[in-house]
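Single-letter residue listing:
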Amino acid sequence: VAVEPEPEAPPVAARDDKPGARRPEPAPLRKVEAEAVEDADSPRKARPDAKAPVPKRAEPRRRTGKLTITKALDEEGEERTRSLASVRRAREKERRRLMMAGGESMRVVREVIIPEAITVQELANRMATRAVDIIKVLMRQGVMAKITDAVDADTAQLIAEEYGHTVKRVSEADVEEGIEGTADRAEDLHPRAPVVTIMGHVDHGKTSLLDALRSTDVAACEAGGITQHIGAYQVQLASGARITFLDTPGHAAFTSMRARGAKVTDIVVLVVAADDGVMPQTVEAINHAKAAEVPIIVAINKIDKVGATPDRVRQELLQHEIVVESLGGDVQDVEVSALKKLGLDQLEEKILLQAEILELKANPDRPADGTVVEAKLDKGRGPVATVLVQRGTLKVGDILVAGSEWGRVRALLNDRAQPLPDAGPGVPVEVLGLSAAPEAGDKFSVVEDEAKARDISEYRQRKRREARVGTQGRGSLEQMLAQLKATDRKEFPLLIKGDVQGSVEAITGALAGLSTEEVAARPLHAGVGGITESDVILAKASSAPIIAFNVRANRQARDRAEAEGVEIRYYSVIYDLIDDVKAAMSGLLDPTIRETFLGYAEVLEVFNISKIGRVAGCRVTEGLVRRGNRVRLLRDNVVIHEGSLATLKRFKDEVKEVVAGQECGMAFENYQDLQPGDQIECFEVEKIARTLA
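Residues numbered from 1 in each chain as written. Predicted model: local features only at pLDDT ≥ 70, side-chain atom pairs only at ≥ 80, totals over all residues. Heavy atoms only, no water.

### Some words on helix α9 (residues 280–292)
What counts is decided by this rule: Every helix listed is a DSSP run of H or I at least four residues long, and every strand listed is a run of E at least two residues long, numbered separately from the N terminus. For a helix, the expected span equals 1.5 Å multiplied by the residue count minus one. Partly exposed describes any residue whose relative accessible area lies between the buried limit of under 20% and the exposed limit of over 50%, with all areas from a 1.4 Å probe on protein chains only and scaled to the type maximum.
Given a rise of 1.5 Å per residue, 13 residues ought to cover 18 Å, and the 19 Å separating the end C-alpha atoms of α9 matches this to within 8%. Residues of α9 that are buried include every one of Q281, T282, E284, A285, I286, H288 and A289, and no others. Note on α9: the residue one or two positions beyond its end, E293, has a positive phi of about 55 degrees.

### Brief notes about the packing of aromatic side chains
Counted only if it meets this: The pairing test for Phe, Tyr and Trp rings, Trp by its six-membered ring, is centres within 6.5 Å, and the orientation test on the planes gives stacked under 30 degrees, edge-to-face over 60, and tilted for anything in between.
Summed over all chains, the structure comprises 2 aromatic pairs. Relative to Y600, the ring of F597 lies with its centre 4.9 Å away and its plane at 55 degrees, an arrangement referred to as tilted.

### Overview of the sheet that holds strand β25 (residues 568–571)
Formally: Between any two strands, at least two bridges found by DSSP are needed for them to pair. Only C-alpha atoms enter the line fits that serve as axes; for helices the fit covers just the stretch in contact. Angles between N-to-C directions range over 0 to 180 degrees. Any pair of residues with heavy atoms lying within 4.5 Å of one another is described as a contacting pair.
Reading across from one edge, β23-β22-β24-β25 is the order of the 4 strands in this open sheet, with parallel pairing throughout. Each having just a single partner strand, β23 (519–528) and β25 make up the two edges of the open sheet. Neighbouring strand axes in the sheet, compared pairwise and without regard to direction, differ in orientation by 25 degrees on average. Both strand β22 (residues 490–498) and β23 contribute to a ladder of 9 bridges, which runs parallel. Its bridge partner lying in β23, E491 is registered against A520. Together, β22, β23 and β24 (546–549) form the strand contacts of helix α14 (residues 501–514), whose direction differs from that of β23 by roughly 170 degrees. Of the strands in this sheet, β22, β23 and β24 are in contact with helix α15 (residues 533–542), which crosses β22 at around 175 degrees.

### Digging into the side chain of R460
Going by this rule: A 3.5 Å cut-off defines polar contacts: any pair of N or O atoms within that distance qualifies, except that in protein one atom must be a possible hydrogen donor and the other a possible acceptor, and neighbouring residues in sequence count only when both atoms are side-chain atoms.
Tracing the backbone shows R460 in helix α12 (residues 450–472). Looking at R460, the relative accessible area reads 19%, which means it is buried. A distance of 2.7 Å separates a polar atom in the side chain of R460 from the backbone oxygen of G403. Setting aside anything within four residues of it in sequence, one finds R460 in contact with E176, I179, V401, G403, S404 and K443.

### Some details on a negative patch on the surface
Spelled out, the test is: Patch rule: a residue counts if its relative accessible area is over 30% and it has no salt bridge; like charges are joined within 9 Å, and nonpolar side chains (Val, Leu, Ile, Met, Phe, Trp, Tyr) within 5 Å. Working definition of accessibility: Shrake-Rupley area with a 1.4 Å probe, residue cover restricted to the visible protein chains. Whenever a carboxyl oxygen of Asp or Glu lies within 4 Å of a side-chain nitrogen of Lys or Arg, that contact is scored as a salt bridge. Charged-residue counts in this description rest on Lys and Arg as positive and Asp and Glu as negative, His and the chain ends being excluded. Lys charges are placed at NZ, Arg charges at CZ, Asp charges at CG and Glu charges at CD.
On the surface, E448, D449, D455 and E458 cluster together to form a negatively charged patch. With respect to the secondary-structure elements, D449 resides in the loop between β21 (443–447) and α12.

### So, the side chain of Q234
Considering the arrangement of structural elements, one finds Q234 in strand β7 (residues 231–236). Among the polar contacts listed, one links the side chain of Q234 to the side chain of T244, at a separation of 3.2 Å. Leaving out residues up to four positions away in the same chain, Q234 has contacts with A193, R242, I243, T244, D415, G426, V427 and P428.

### Re unusual backbone geometry
What you tend to see is this: most non-glycine residues have negative phi, and most peptide bonds are trans. Phi is positive for A128, close to 55 degrees, though the residue is something other than glycine. Mapped onto the fold, A128 is located in the loop between α4 (120–127) and α5 (131–140). By relative accessible area, which is 51% here, A128 ends up exposed. The phi torsion at F651 lies on the positive side, around 60 degrees, for a residue other than glycine. Its place among the elements puts F651 in the loop between β29 (638–650) and β30 (653–654).

Take a look at the structure:
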């Protein structure tokens, strides 16, 4: 019996030729093809019409182009590879598996630098951890935070240590580390020019003496004939020696300027007028010099004037523990005349002698540092700082940090406005290129790069802002209103704009000295530079005048001030400014009330009159009674009412006054309780305007 052979299954490749046939998945397709390749010599599975299998590529190549269903199921196409999304999913799955199996030990231990405050995102970056994981840790600790929120250093340290990292705590103040440099070695020090500060009372000839030494005429150019800025100059003598002079104001308002001059100086030249003697600012200059522990040279000026008595000056100085050499002391003194140029050589010799005793040396071969003597905002040049180099050499192109400001030195100018390539120790120069005008008295230093300068500047600005906010104090609105009600202190708001930082500081200090328990000057803003439109807007919002000292308003500011009705007062002499502000503050003071007794009247009878009310028939017993003045009603010598007279009649006529011995009729305003036997006291109230002392 013939057995019919079992029908063979058609090859998978042939199924594509049948219309409407369902295409199998790619994985089984590759399996069938592999079996077909392996059993190619089998007579049972081989068919003449079967397609040859597509050979695999030696190295799989990544798919390119757009993936379609046809491409995905086409067995003649290129072999598919894993997509990036698939790889990422596999890696994430493996990472989770490791974490579940205790894979935390595979974390890399890092040293995490943590400042005083750090955001969650920054902490995650430094720990190489996801910010979400750190937020979860914070939530377990009861802290709800976003990635932009800041956490304190203690919390950040706990999180970092929980992840196994080591922590290095740093402070914000660390940015200033190393800015002052190391101490200089003795072999690196070289002699430098002495810094001499000219101090003394106003109008005693300080600037004129310096003009005589410099052969210039600065005094003639100054407003009011008085110095209102601190000036820095360097003089080269005939012998080749150099002396740096600081000229300080003598007016009482410039106390802080004189104190700054005494702090940066090596020698103080105390100028005393021979015809005027020791004055209050002379005593203050002596105290500044003693506080700074610097030697004093007394220059007795104006010896050419009639009535000059230098010996009287020496005697008056004894009261302040200044004993000159001629009286057996150790303080040098010299008689000079700035006008006639007498005794200048002896003064220079004594300065150089004192400098030689002090052995003044500095290292010029290092980054420069020193002190800001003065600062201003120049319209054409921008912020300009007058600095005194104390160590190192300041060069054009150096990156400078002065107080809370920084910048690259664009130019260096001497006191005669001549450009300099560099400035060594003891040399005063004007520096151009700072971001803003620094505070007078700030220290400056040269740093290596802009990043460090910017970090230091931002840190100092933040600290000053925090200190300014901290001095204002915190409290609720109710506390503030209660305090204002308790003190009942009136304020005089004003805006101050000056040409240099030192003048603004002096004006602010002088106005603070005018304040009393009843009235106070409150500067809303004090700055350097011309008056701008924003200053006018602030003054208008605060109903405050603008005080301009040696500056002017631009055209836009002037037009805005005229339109808004804002008052701008211009001054060039500081004591005129102080006098005007004192007069304005005096107007806020309550006047003094003075009572003047006029007379007494006795009530004899009380009458009820229609349309008028109760009228007292009185006899004036002392002085006089005048209509319109204030009166008091006394009953048994006790004041029971104080008011004004509504009417004063003698017989039937209204009269202005009634003298002693005459009878009259009186009626009080808004008061009817009159009885026979009452006594009426008439007095006059006078208001007297008060002024600030």
